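Residues per chain are reported as follows:
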Number of protein chains: 2
Amino acid sequence: MATATGPARRTPRRRQTAQARRERLTRERVLQSAIELADASGIEALSMRRLGEELGVEAMSLYTHVANKDDLLAGMIDAVFAEITPPSLEAHWKTAMRDRALSVRAALLRHPWATGLMDANAAPGEATLLHHDLVIGCLRGGGFSFAMTAHAFAVLDGYIYGFALQDRSLPFETPEETGDLAQEMLAQFPAGRFPHLAAFMVEHVLKPGYDFGDEFEFGLDLILDALERHRED
Amino acid sequence: MATATGPARRTPRRRQTAQARRERLTRERVLQSAIELADASGIEALSMRRLGEELGVEAMSLYTHVANKDDLLAGMIDAVFAEITPPSLEAHWKTAMRDRALSVRAALLRHPWATGLMDANAAPGEATLLHHDLVIGCLRGGGFSFAMTAHAFAVLDGYIYGFALQDRSLPFETPEETGDLAQEMLAQFPAGRFPHLAAFMVEHVLKPGYDFGDEFEFGLDLILDALERHRED
DNA sequence: ACCTGAACACCGTTCAAGT
DNA sequence: ACCTGAACACCGTTCAAGT
């Protein structure tokens, strides 16, 4: 009946949450659960107590696997980087950087809370460093000087993160919602107060088919094309 | 002796903070004090209780002038936008957008906490709307179509905010610190683990005179030049 | 109208104690 | 080694009470 690991020491669990509780707690399981919680309920819902509950454990048990909450957040960010397909060093730099940019954007769309956490003053994790290493390798391999690699890195990553920040800050999630909310906003403007913004909304944002997210690739290609010209200098 | 406003009702203040306490509390004074506190001590130090203390008042008094903490944060963001010199509608679009981008960047350097708060799901404030109105007016006046205005807006503001986010996330503040910390990081890399990153640091980041902040204008001009070409299409 | 003080339901984290 | 429970010093916000 009892396995070789010892006699059954089954104290009845008082609290049983949706999350299956079985395997031992590990750092990976803690991070994964934290990411799921932040994805589902927002980063402000992520507390040590709530996360413990999700894992069927007291909050303090988490501290065995995580130094503190900042360490938890840093680990979550690094896990997001681990999800990103790094740039291939075999492909042409431009297609490699384009694919990688789309992969970063997809990851930030899956985990919107990650963008605002990028400041995490903690040291960058392994996955983050590896990602940066390959980006630099890709640009260097594509013929960029060190100085131009620094320029390209700053403008590309700045754009990618900034676009995610803008996207997240929009008060609407879907194109349909955009219409409703933009209309509402428009109605609240004192007449003639913001004429250019009003015209822009009426003539562009409120037209069917507009989706802010679609703007991403335009800016990305604009930057990549411009970088290509600079590389040839 | 007593003024027309009534007899002196001076109850002795028990707590007196550095901040001079005199004038009546107003929304402006609350916002200004909150901004100063966030600038000086970081956004995580900004609590209602601490802000009240700074103003010589109990935390609950703040709620007369601010709906809740989210409203406080939204007000702070709008106050930062009010600091920005908006684009001139008289100047050439390119110089107007360049000056305005530098003004936004300067504001975000003065108030580093603002970048991460841009998501504030609250409705944008008056100063924010006015700023956006003038940016759109500037681009439209410069000959951009509505669609191209949307593109330009997304790529410019994305870059500006994203660069601020990157800048803030760097673990060093000054070029000198960069050297020290980069060296330290480098020393901790397992040998050969991040070869491109290591070479980049040794050959570029650690060279005297390197300052990440200097990258901003390169990317800005790259984008502005590329937009100019698109406008002419 | 504006400010206060006590209270409530939360936080992150410590520490000593359990197994 | 891992997990717990009580405790501490905080949060944002409510409410009834003061002036």
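Here is what the cut-offs are and how they apply
- All residue numbers here refer to positions counted from 1 along the written sequence of the relevant chain.
- Here the convention is simple: chains get letters from A, ligands get numbers from 1, in the order in which they are written.
- For this predicted model, a pLDDT threshold of at least 70 governs which residues receive local features, and a threshold of 80 or more governs which side-chain atom pairs are given and counted, while totals over whole chains, interfaces and linings are taken from all residues.
- By convention in this description, side-chain values take in all heavy atoms of the structure and omit both hydrogens and water.
- Working definition: a ring pair exists when centres of Phe, Tyr or Trp rings (six-membered ring for Trp) sit within 6.5 Å. Plane angles under 30 degrees give stacked, over 60 give edge-to-face, the rest tilted.
- Throughout this description, the term charge over a ring refers to an Arg CZ or Lys NZ atom that lies within 6 Å of the ring centre and within 35 degrees of the ring normal.
- By definition, residues are in contact when any of their heavy atoms lie within 4.5 Å.
- Salt bridge criterion: a side-chain nitrogen from Lys or Arg within 4 Å of a carboxyl oxygen from Asp or Glu.
- Any N or O atom pair separated by 3.5 Å or less is treated as a polar contact, with the protein-specific requirement of one donor-capable and one acceptor-capable atom, and with residues adjacent in sequence counted only for side-chain atom pairs.
- Secondary structure follows DSSP: runs of H or I at least 4 residues long count as helices, runs of E at least 2 residues long count as strands, and numbering of each begins at the N terminus.
- In the scheme used here, Gly and all other residues not listed as nonpolar or charged are polar, with Ala, Val, Leu, Ile, Met, Phe, Trp, Tyr, Cys and Pro taken as nonpolar and Asp, Glu, Lys and Arg as charged.
- Summary of the burial criterion: residues with accessible area below 20% of their type's maximum are buried, those above 50% are exposed, and those between are partly exposed, where the area comes from a 1.4 Å probe applied to protein chains only.
- By arc we mean the arc of the directions from the helix axis to the C-beta atoms, nothing more.
- Nearness here has a simple test: a residue counts as near a molecule or strand if at least one of its heavy atoms is within 4 Å of that partner.

Asks: So what's going on with the packing of aromatic side chains? Residues and values would help.
Replies: As enumerated under the stated definition, the model contains 14 aromatic pairs over all chains in all. The rings of A:Tyr159, A:Phe163, A:Phe212 and A:Phe216 are connected pair by pair, giving a single aromatic cluster. For A:Arg105, the ring lying beneath its charged end belongs to A:Phe216, and the centroid distance is 5.1 Å. Looking at B:Arg140, its charged tip hangs above the ring of B:Phe146, at a distance of 3.7 Å from the centre.

Asks: Kindly report on the interface of chain A and chain B, identifying the contributing residues and their values.
Replies: Taken together, the contact between chain A and chain B spans 52 residues of the former and 52 residues of the latter. Linking chain A with chain B are 2 salt bridges, by the criterion used here. Across the salt bridge formed by B:Glu126 and A:Arg193, the nearest N and O atoms sit 3.0 Å from each other. At the boundary of chain A and chain B, one finds 10 residue pairs in polar contact (both at pLDDT 80 or more). Within the residue set of the side of chain A that touches chain B, elements represented by two or more residues are helix H5 (113–116), helix H6 (126–141), helix H7 (146–169), helix H9 (195–205) and helix H10 (215–232) of chain A. Per-element tally for the side of chain A that touches chain B: the top contributor is H7(A), with 19 residues. Split into classes, the residues belonging to the side of chain A that touches chain B amount to 30 nonpolar, 13 polar and 9 charged.

Asks: Requested: an account of helix H9 (residues 195–205) of chain B, with residues and values cited.
Replies: Buried residues of H9(B): B:Leu197, B:Phe200, B:Met201, B:His204 and B:Val205, and no others. Along the axis of H9(B), the buried positions cluster into a sector of 105°, meaning they face one direction only.

Asks: Tell me what's going on with the protein's contact with DNA strand D, and back it up with residues and numbers.
Replies: Residues in close proximity to DNA strand D total 18 residues, the closest being A:Glu58, A:Ser61, B:Arg49, B:Met60 and B:Tyr63. Of what DNA strand D places within 4 Å of the protein, 58% of the atoms are sugar or phosphate. Contact distances for DNA strand D include 2.5 Å between a phosphate oxygen and a side-chain N or O atom of A:Ser61. Within the contact set of DNA strand D, a phosphate oxygen lies 3.2 Å away from a side-chain nitrogen or oxygen of B:Ser47.

Note that every value here comes from positions in space, so none of it alone points to a role or purpose.
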